[in-house]
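Understanding the architecture of this molecule
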Amino acid sequence: EKKSAETVENIKRRHSKLINSSRLLYQEYSDVALNKAIQNQKRADSLSEELEQVSPGFRSSPKLRRKVLSSQDSCLQRLSVSSSASLWQDIPMVRGSTMLLSMTHEEQKLQEAKFELIASEASYLRSLNVAVDHFQHSSELQAVLSNQDKQWLFSRLQDVRDVSANFLFDLEEKLEENMFTFNVCDVALKHAPEFRRVYLPYVTNQTYQEQTFRRLLNGVPAFQQVLEKLESDPICQRLSLKSFLILPFQRITRLKLLLQNILKRTRPGADEEVQATQAYDALEKLIKDCNENVQRMKNTEELIYLSQNMEFECKIFPLISQSRRLVKRGELTALEYNLSLKWKLTTRPIYLHLFNDFLLLSRPRENGHFIVFDYAASSEVRGEKCEMKLHGANKNVFRLFLLQNHQGKKVEFLFRTETQSEKLRWISALSPQQAEPDLLDDSDAPQVQCMKSYKARENDELALEKADIVMVLQQSIDGWIEGVKLSDGERGWFPSEQMEFISSRHARQMNLKEEQRVKNAKQQVFRRK
């Protein structure tokens, strides 16, 4: 413990020699960086639009080409007036050097991208120090928590802090060695096993952490009182404990994007490109494993709950399975023509539970209970738009076909939803999974940029971070979009209200070109092995 604290203090002293850090904690630093990314995209979008209007052949002009690039010059921003070295070029040794003048624009952009990784890690460590020293080690907070609550609430946060401290130590050594050609991707690659060791258990604990935090906040007055006192301390800068606890989730995602940003700017075929690609791939796999672990825990809890609240009117179906996950659930209105009532349209509620391998149909009962009356394998299920012209409230209608139900029979249902987006989401979820088309070839497809992070609330939704760029697949008239995130290919639905469309075709092409650059690098690097 003592050694760890000394290491952190040593890092902080070393850090102050190189980076005149602003007082911003990582929560605010990250927000500023993401706002800058959004502004860069907007500038590239509006500038491209102007150039497209002036001349379709603008790419031939070197002056204009430089202008397009200069709109995205800086990957880091001036964090505050006092932060004179928030950019790599603002470090006095760099700013006053003749070597800077001999570097190309692209070489400068690459060094700025690498410097952002270092500066943001310094800010992240600053926030982790507050999280560990001010909150986790608070004697008052320790006194109101049981040992189990401490474990669930803070998990391996101190280990995360120590790994960040060691990572920053190595990054700054690289920067000191040569401020003009320093590399960071080899350092990230070297630390990747340590990232996995601490981040995987920390992120996997997320469900327990959230549940514990809610229970303590709502049911333990002493915890609430101590928390209010700790959060009001100036060291927190009016930020909540919860915002500190979620930082490791946010950081590994951001670190992957920072490495991706560096990779896009490295010279194809260079050693640095190989290291950047390997480090990026390691982070991508870590994030994928983290998400899968979290999802697996949620799925298990969900299946246990459902198994306790489902009765089978038909042949009993063994619900709990390790490989089973819930894709979509919801209550729909079934429309039926009653022959005995002269073809009068009648309605009844039916609840659908769509898993990755089966679809269950049930009659909903009180207190979250379900009576399952039919089911079919997902491969035997189809959802289709309904071409029938129905009047009044029956406009959001689709057909559901069970090609072979639990009795081996073909069954058809006609369902009504409350909104158009709900109808489209069900049809999309019920469609057989096909290989994703190569979206990177389609510059005419609409793209949107996320202006505010969105946390997925349902299984078919797409979680988005601020500044994410998404390719649009389809839209509903009631404000929902189905899309694919460019950075990782994840697909899902999200509300359109916090999105902005990228109107310039050239800006969309540039976004696709950058993603293709990453894809090509991965293919080249992992083909060599």
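Residues numbered from 1 in each chain as written. Predicted model: local features only at pLDDT ≥ 70, side-chain atom pairs only at ≥ 80, totals over all residues. Heavy atoms only, no water.

A look at the packing of aromatic side chains
Going through the model one piece at a time under the given rule, you end up with 17 aromatic pairs. Taken together, a centroid distance of 6.3 Å and an interplanar angle of 15° make the contact between Tyr26 and Tyr29 stacked. With Tyr26 and Tyr29 both in helix H2 (residues 26-54) and three residues apart, this pair spans about one turn of that helix. Here Tyr26 matches Tyr29 in class, with each residue buried. Their ring planes at 55° and their centres at 4.7 Å tell us that Tyr351 and Phe370 sit as a pair that is tilted. Within this pair, whereas Tyr351 is found in strand E3 (residues 344-355), its partner Phe370 is found in strand E5 (residues 370-377), the two being separated by 19 residues in sequence. Pairwise contacts between aromatic rings join Phe312, Phe317, Phe358 and Tyr375 into one cluster. (Phe/Tyr/Trp six-rings, centres within 6.5 Å; stacked < 30°, edge-to-face > 60°. Helix = DSSP H or I, 4+ residues; strand = E, 2+ residues; numbered from the N terminus. Buried < 20%, exposed > 50% of the residue type's maximum accessible area, 1.4 Å probe, protein only.)

Points about the packing of helix H9 (residues 157-177) against helix H10 (residues 185-204)
As a packed pair, H9 and H10 sit with axes 9 Å apart at the nearest point and diverge in direction by 170°. Taken as axis vectors, H9 and H10 run roughly antiparallel relative to one another. Where H9 approaches H10, its residues Leu157, Asp159, Val160, Val163, Asn166, Phe167, Asp170, Leu171 and Lys174 are matched on the opposing element by Asp186, Val187, Ala188, Lys190, His191, Glu194, Phe195, Arg197, Val198, Tyr199 and Tyr202. A per-class count over the contact of H9 with H10 returns eleven nonpolar, two polar and seven charged. (Axes fitted to C-alpha atoms, helices over the stretch in contact; angles between N-to-C directions. Parallel < 35°, antiparallel > 145°, perpendicular 65-115°, else oblique. Contact = heavy atoms within 4.5 Å. Nonpolar A, V, L, I, M, F, W, Y, C, P; charged D, E, K, R; others polar.)

Here we look at the pattern of salt bridges
Using the criterion set out here, one finds 36 salt bridges in the structure. When the shortest N-O distance is used, the salt bridge between Lys328 and Glu458 registers 3.5 Å. With Lys328 in strand E2 (residues 326-338) and Glu458 in the loop between strand E9 (447-450) and strand E10 (469-475), the pair connects residues that are 130 residues apart, well separated along the chain. Looking at Lys328, the relative accessible area reads 5%, which means it is buried. Residue Arg425 pairs with Glu461 through a salt bridge whose shortest N-O separation is 3.0 Å. Of the two residues, Arg425 is situated in helix H16 (residues 420-430) and Glu461 in the loop between E9 and E10; the sequence distance between them amounts to 36 residues. Look at the salt bridges and you will find they share partners, linking Lys328, Arg425, Glu458, Asp460 and Glu461 into a network. (Salt bridge = Lys/Arg side-chain N within 4 Å of Asp/Glu carboxyl O.)

Here we look at the environment of Ala467
For Ala467, the location among the structural elements is in the loop between E9 and E10. As for Ala467 and Lys36, which are separated by 431 residues in sequence, their C-alpha atoms are 8.9 Å apart. Excluding residues within four positions of it along the chain, Ala467 makes contact with Leu34, Ala37, Ile38, Gln449 and Cys450.

Observations concerning the sheet that holds E10
A sheet is described by the order of its strands in space; here five strands give the open sequence E12-E11-E10-E9-E13, paired in antiparallel fashion. Across the chains shown, the open sheet's two edge strands, defined by having one partner strand only, are strand E12 (491-495) and strand E13 (499-501). Shown here is a sheet whose adjacent strand axes are inclined to one another by a mean of 45°, direction ignored. Here three bridges tie E9 to E13, and the two strands are oriented antiparallel to one another. Along E13, the bridge assignment pairs Val448 with Phe501. Packed onto the sheet, H16 meets E10, strand E11 (480-485) and E12 and runs at close to 175° relative to E12. (Pairing = 2+ DSSP bridges.)

Regarding the nonpolar core
Counting residues in hydrophobic clusters, the biggest one holds 76 residues, and the most contacted among them are Trp88, Leu117, Phe135, Phe154 and Phe244. Considering every element that reaches this core, the biggest residue donor is helix H6 (residues 105-136), with 14 residues. Apart from the residues within four sequence positions on either side, Trp88 is in contact with Val94, Leu100, Met103, Gln108, Gln111, Glu112, Phe115, Met179, Phe180 and Phe182. By size, the runner-up hydrophobic cluster in this structure holds 20 residues, among which are Leu354, Phe373, Phe398 and Leu430. (Core = buried A, V, L, I, M, F, W, Y, C linked by side-chain atoms within 4.5 Å.)

Thoughts on the confidence of the model for the chain
Considering every residue of the chain, the mean pLDDT works out to 84; 84% of them sit at 70 or more. Looking across the chain, the model is least confident in helix H3 (residues 62-70), with a mean pLDDT of 29, and most confident in H10, with 96. Throughout residues 11-20 the model reports pLDDT below 50, and contacts reaching past four residues in sequence, or to other chains, amount to 28 contacts. For residues 54-85, every residue scores under 50 in pLDDT, and the model assigns this stretch 69 contacts once sequence neighbours within four places are set aside. (pLDDT = per-residue confidence, 0-100.)

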